[in-house]
Amino acid sequence: MNIGLIGLGDMGKLYAKKFAAAGLSVFGCDLPDRTLELQEELGPLGIIVLNNGLEVSAKCDFIFYAVEAEKIKEVVAACAFSTKKGAIVTGMTSVKTPEVEAFERYLSKDIELIITHSLHGPGFSTKGQKLIVAPHRISAESYARAIQVLQLLESEIIELNDYHQHDQIMADTQAVTHMGFESMGTAWKNAGTYPWESGAYVSGIDNVKILTTLRIFSYKAHIYAGLAILNPYATAQIIAYAQSESTLFKMMIQEDEANFRKRIYKARDFVFHEQTNLILFDDKIMQEFSIGDNQELAKHNSHLSLLAMVDAWHQLGINPYDNMICQTPPFKLRLGIVEYLFKNEALLEDTIQTALYDKSIRGDDLEFHTAVREWASIIRYKDMEGYKTHFKEAKDFFEPLLEKGRIQSALLIKRLSTPI
């Protein structure tokens, strides 16, 4: 069958190249001013770049909409009427509710629909990565044909029941994970110092925090904005995290040790009680990935961002290990360091003491508290442009190190997944 990519950005090109290398006939398009550039880049690989989505829709049997989540409606509306009868259509956005709504509104009933979502960025090959797939409006025969094509990506295919299950899991895993790291980045930007210049961020856990933050800001804002703002299940997760962080921060500045301990221990027992599928990160490996070299300045850390994450899971009744089937690299890294903190009694005790009584870290905690409030408000009010602006401000602050951070974080993920 002819494969069509409507959108040849980073992910669209990744798919196009993979399908072409597998011997399929691949057609694609992007914005008009990129057509010649893409023809020169992709033509030698056997990928035919057409003028627009109408031409791709008329030509292809399996069509991927590789566009931003916030633009999916207008792009589908513009291209839908030329879609071949019996074609299979899917989208590559990280939030499926608006995608499905657009497909159902503009594509005729004789067009079949399937849900797909690669749980990785364009910096990774599709081989060995996780790919979510779910049927929507499609026959068993066509679904089997679609799976055969998707298997050419060499990804680990995870089949879900429907798009509702997809969006719920993404809210449980990605939405708060991204906001947590974005809040760290904004806090460091507002403080005006890189975290590795402070002695509070030189542990193995903090190396993971820093590299994952750099990794997230090395990508495009729309990826995270769409997932947070357009996913109908995400708002509750964001609000819960902000509430947990605020409650813990109030107890810290009041030095309310009894209630603080009670809340932390309840959250710990809920999430980690009798867990048998632990990630078990190696501190020696985490220590290898330090960006700065200020061990002589080393001091204790409250790890407020991680304490709030476990408290939020407890308040929401979510067991994060239930979602490991759809893990993304940032989610696994965050869960791994949270687990490392909470399963180490001495480290957790040191963290509690620091959170309650160490005034040297309080300024950093305040910056983080403020950043969480900022991000939560932007997401709650569905301010897409505000999200992108807020993201760009932190991205610009870290710009000199983003490429290094992406490379180092990829190495870190590999090392922690397959330790020597």
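Reading the values: rules and limits
Residues numbered from 1 in each chain as written. Predicted model: local features only at pLDDT ≥ 70, side-chain atom pairs only at ≥ 80, totals over all residues. Heavy atoms only, no water. Helix = DSSP H or I, 4+ residues; strand = E, 2+ residues; numbered from the N terminus. Rg over C-alpha atoms; globule rule 2.2 N^0.38 Å. Contact = heavy atoms within 4.5 Å. Areas by Shrake-Rupley, 256 points an atom, 1.4 Å probe, with all protein chains shown as cover. Phe/Tyr/Trp six-rings, centres within 6.5 Å; stacked < 30°, edge-to-face > 60°. Lys NZ or Arg CZ within 6 Å of the ring centre and 35° of its normal. Buried < 20%, exposed > 50% of the residue type's maximum accessible area, 1.4 Å probe, protein only. Arc of directions from axis to C-beta. Salt bridge = Lys/Arg side-chain N within 4 Å of Asp/Glu carboxyl O. Pairing = 2+ DSSP bridges. Right-handed = clockwise from strand over helix to strand, strands pointing away. Domains from an automatic or database assignment. Buried area = accessible area lost by both parts, 1.4 Å probe. Polar contact = N/O pair within 3.5 Å; in protein donor to acceptor, adjacent residues only side chain to side chain. Nonpolar A, V, L, I, M, F, W, Y, C, P; charged D, E, K, R; others polar. Axes fitted to C-alpha atoms, helices over the stretch in contact; angles between N-to-C directions.

Describing the overall build of the protein chain
Scanning the protein chain from terminus to terminus reveals 18 helices and eight strands. Since a compact globule built from 420 residues should have a radius of gyration of about 22 Å, the 22 Å found for the protein chain is in line with a globular shape. In the protein chain, the share of contacts with a sequence separation of at least 24, taken over all contacts with a separation of at least 6, comes to 79%. Summing over all exposed atoms, the protein chain offers an accessible surface of approximately 17,100 Å²; the carbon and sulfur share of this is 51%.

Thoughts on the packing of aromatic side chains
Overall, the coordinates contain 15 aromatic pairs when judged by the stated rule. Residues F272 and Y321 carry aromatic rings whose centres are separated by 6.2 Å and whose planes lie at 75° to one another, so their mutual orientation is edge-to-face. Of this pair, F272 sits in helix α11 (residues 257–272) while Y321 sits in the loop between α13 (304–316) and α14 (329–342), placing them 49 residues apart in sequence. Look at F397 and F398: their rings are 5.0 Å apart centre to centre, the planes differ by 80°, and that puts the pair in the edge-to-face class. The structure contains a cluster of three or more aromatic residues connected by ring pairs, namely W188, Y194, F217, Y224, F391, F397 and F398. The residue whose ring lies beneath R334 is F181, and the NZ or CZ to ring-centre distance is 5.4 Å. The positively charged end of R406 is found above the aromatic ring belonging to Y219, 4.6 Å away from the centroid.

Thoughts on helix α2 (residues 35–42)
If you check which residues of α2 are buried, you get T35, L38 and L42. The buried residues of α2 occupy one face: seen down the axis, they fall within an arc of 65°. Along α2, exposed side chains directed more than 90 degrees from the buried face belong to L36 and E40. The inward-facing, buried residues of α2 abut α1 (10–21) and β3 (47–49).

Notes on the pattern of salt bridges
Where charged atoms of side chains with opposite charge meet at close range, the side chains can pair. Here the structure, examined in full by the defined rule, presents 22 salt bridges. Between K18 and E154 there is a salt bridge, with its nearest N and O atoms 2.6 Å apart. With K18 in helix α1 and E154 in the loop between α6 (140–150) and β8 (156–159), this pair connects stretches of sequence that are 136 residues apart. We note a salt bridge from E68 to K71, for which the minimum N-O separation is 3.9 Å. Among the ionic contacts, a cluster of salt bridges with common partners joins K13, K17 and E41.

A closer look at the pairing of strand β5 (residues 88–91)
Along a regular strand, successive side chains alternate from one face of the sheet to the other. Across the two faces of β5 the burial is the same, with I88 and T90 and V89 and G91 all buried. The sheet contact formed by strand β4 (residues 62–65) and β5 spans four bridges and is parallel. Residue I63 lies in a different strand from β5, and its bridge partner there is V89. Regarding topology, helix α4 (residues 72–79) serves as the crossover connection from β4 to the parallel β5, and that connection is right-handed. As defined by bridge partners, β5 adjoins strand β6 (residues 112–118) across two bridges and the pair is classed as parallel. When the sheet's bridge partners are listed, I88 is paired in β6 with E112. Read from β5 through helix α5 (residues 97–106) to β6, the crossover connection turns out right-handed.

Description of the domain arrangement of the protein chain
Domain annotation for the protein chain reports domain 1 (2–161) and domain 2 (166–416). If you average the C-alpha positions of domain 1 and of domain 2, the two centres end up 33 Å apart. Taken together, the contact between domain 1 and domain 2 spans 19 residues of the former and 25 residues of the latter. Carbon and sulfur atoms make up 66% of the surface buried where domain 1 meets domain 2, a total of about 1,700 Å² over both sides. Of all residues in domain 1, E70, L119 and F124 bury the most surface against domain 2, accounting for 28% of the area lost on that side. Joining domain 1 to domain 2, the criterion identifies two salt bridges. One salt bridge connects K220 with D10, and the closest N-O pair in it is separated by 3.8 Å. The tally of links from domain 1 across to domain 2 stands at four residue pairs in polar contact (both at pLDDT 80 or more). Within the residue set of the side of domain 1 that touches domain 2, elements represented by two or more residues are α5 and β7 (130–137). Split into classes, the residues belonging to the side of domain 1 that touches domain 2 amount to nine nonpolar, five polar and five charged.

Some details on the environment of M184
When you line up the elements, M184 lands in helix α7 (residues 163–191). Measuring from C-alpha to C-alpha, the distance between M184 and D365 comes to 9.8 Å, with 181 residues separating the pair along the chain. Setting aside chain neighbours within four positions, we find M184 in contact with K209, T213, S305, R334 and F368.

Concerning unusual backbone geometry
Phi is positive for H303, which is not a glycine, with a value near 50°. Here H303 is to be found in the loop between α12 (283–287) and α13. Despite not being glycine, K382 has its phi angle at roughly 55°, a positive value. The class of K382 is partly exposed, set by a relative accessible area of 49%.

Observations concerning the sheet that holds β5
Across the sheet, which stays open at both edges, the eight strands sit in the order β3-β2-β1-β4-β5-β6-β7-β8 with mixed pairing between neighbours. Each edge of the open sheet is held by one strand with a lone partner, namely β3 and β8. This sheet shows a mean twist of 25° between the axes of neighbouring strands, independent of strand direction. Relative to β8, β7 is paired through four bridges, and the arrangement is parallel. Residue pairing for β8: L131 is matched across the bridge by I157. On the sheet, α5 packs against β4, β5, β6 and β7 and is oriented at approximately 150° with respect to β5.

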